[in-house]
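# Secondary and tertiary structure notes
Take a look at the letters that make up each chain.
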Amino acid sequence: MDEPLEIEQEGVGAPAWAAFGDLMAGVLGAFVLVLAAALVGQLDLANKLEAEVAQRQAEQARREALERALAGPLADGRITLSDGRIGISGAVLFAIGSDQLHADGRALIKSLALPLRTYLSQRDEILMVSGFTDDRGMLSGKGGTKFSDNWELSAQRALTVTRTLMAEGLPPDAVFAAAFGPQQPVASNDDAAGRALNRRVEIAPTPRPKRAMAASAP
């Protein structure tokens, strides 16, 4: 009399175990997906960190190479080097309100040409020559300058340095001029010492722009 009851119980238990097995398979599958996603995320993070480290090492190597190339002018204090930017005081290069190089300023620019040309020959970079001024307005007319404002003065000074570098052998496609006028001061314009620091020219290596691929003929 008990045997039919056992058969009935076995019939009820089998579907339950099958459902439990399906549930466990689903849980295991979800766990595998989560684990795979975590591994992919960790791999992506590791790749990003590796790329960042490589970039920092390349930047450090670039700065050290530039320091070696400019060791002479740096040692005697004629130029400064900060974050890869070569700084030259405006007073070293130009008279107040002028875009014509002093004799000593021209000699300095000439002395920079060879190490800069050597530096650029080993890298896919170009030089940006930037002119900066203080925030004092320009004096025009008799006893003043020929420039209408500080933007024009900074542009002409940058062009003067750029053309001098090209005359000393830098390829025209390896150097360009930029003007910032009184923008981006490095010191306060409230006193003469600060204004003197703001009147400057900077030369900075920058990545060469990528040339667009010529469209293929149809």
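Above this text sits the structure in question.
Residues numbered from 1 in each chain as written. Predicted model: local features only at pLDDT ≥ 70, side-chain atom pairs only at ≥ 80, totals over all residues. Heavy atoms only, no water.

### A look at the side chain of Ser130
Take Ser130: it is sitting in strand S3 (residues 125–132). Residues in contact with Ser130, not counting those within four places in the same chain, are Ala158, Ala178, Phe180, Arg200, Val201 and Glu202. (Helix = DSSP H or I, 4+ residues; strand = E, 2+ residues; numbered from the N terminus. Contact = heavy atoms within 4.5 Å.)

### With respect to the pairing of strand S5 (residues 200–207)
Of all 8 residues making up S5, 6 are buried, and the element is well covered by its neighbours. Inspection of the sheet shows strand S2 (residues 85–89) paired to S5 by 4 bridges, in the antiparallel sense. Within S5, the position partnered with Ile86 by the bridge is Ile203. Judged from the 8 bridges that link them, S3 and S5 form a sheet pairing that is antiparallel. Bridge assignment links Val129 to a residue of S5, and that residue is Ile203. (Buried < 20%, exposed > 50% of the residue type's maximum accessible area, 1.4 Å probe, protein only. Pairing = 2+ DSSP bridges.)

### Focus on the environment of Ala103
Looking at where Ala103 falls in the secondary structure, it is placed in helix H4 (residues 103–121). Note on Ala103: relative accessible area 66%, which makes it exposed. Each C-alpha atom, one on Ala103 and one on Val92, is 9.5 Å from the other, the two residues being 11 residues apart in sequence.

### A look at the sheet that holds strand S1 (residues 80–82)
Read from one edge to the other, the open sheet built from 5 strands follows the order S1-S2-S5-S3-S4, with strand pairing classed as mixed. The open sheet is flanked by S1 and strand S4 (175–181), the only strands paired with a single partner. The sheet shows a mean angle of 25° between the axes of neighbouring strands, direction not considered. Bridge count between S3 and S4: 6 bridges; the pairing is parallel. Across the sheet, the residue bridging to Val129 is Ala177, located in S4. Most of the contacts of H4 go to S3, to which it runs at about 150°, and overall it touches S2, S3 and S5. The sheet contacts of helix H5 (residues 150–167) involve S3, S4 and S5, and relative to S4 the element is tilted by about 160°. (Axes fitted to C-alpha atoms, helices over the stretch in contact; angles between N-to-C directions.)

### Notes on the packing of H4 against H5
How two helices pack is summed up by the angle between their axes together with the distance between the axes. Running from N to C, H4 and H5 cross one another at 55°; their axes reach a closest spacing of 9 Å. When the interaxial angle is binned, H4 and H5 end up oblique. Pair H4 / H5 crosses with right-handed handedness. Facing Arg106, Ile109, Ala113 and Leu116 of H4, the residues of H5 in contact are Val161, Thr164 and Leu165. Tallied by class, the residues present in the contact of H4 with H5 amount to 5 nonpolar, 1 polar and 1 charged. (Parallel < 35°, antiparallel > 145°, perpendicular 65-115°, else oblique. Left-handed = near helix turned anticlockwise from the far one by under 90°. Nonpolar A, V, L, I, M, F, W, Y, C, P; charged D, E, K, R; others polar.)

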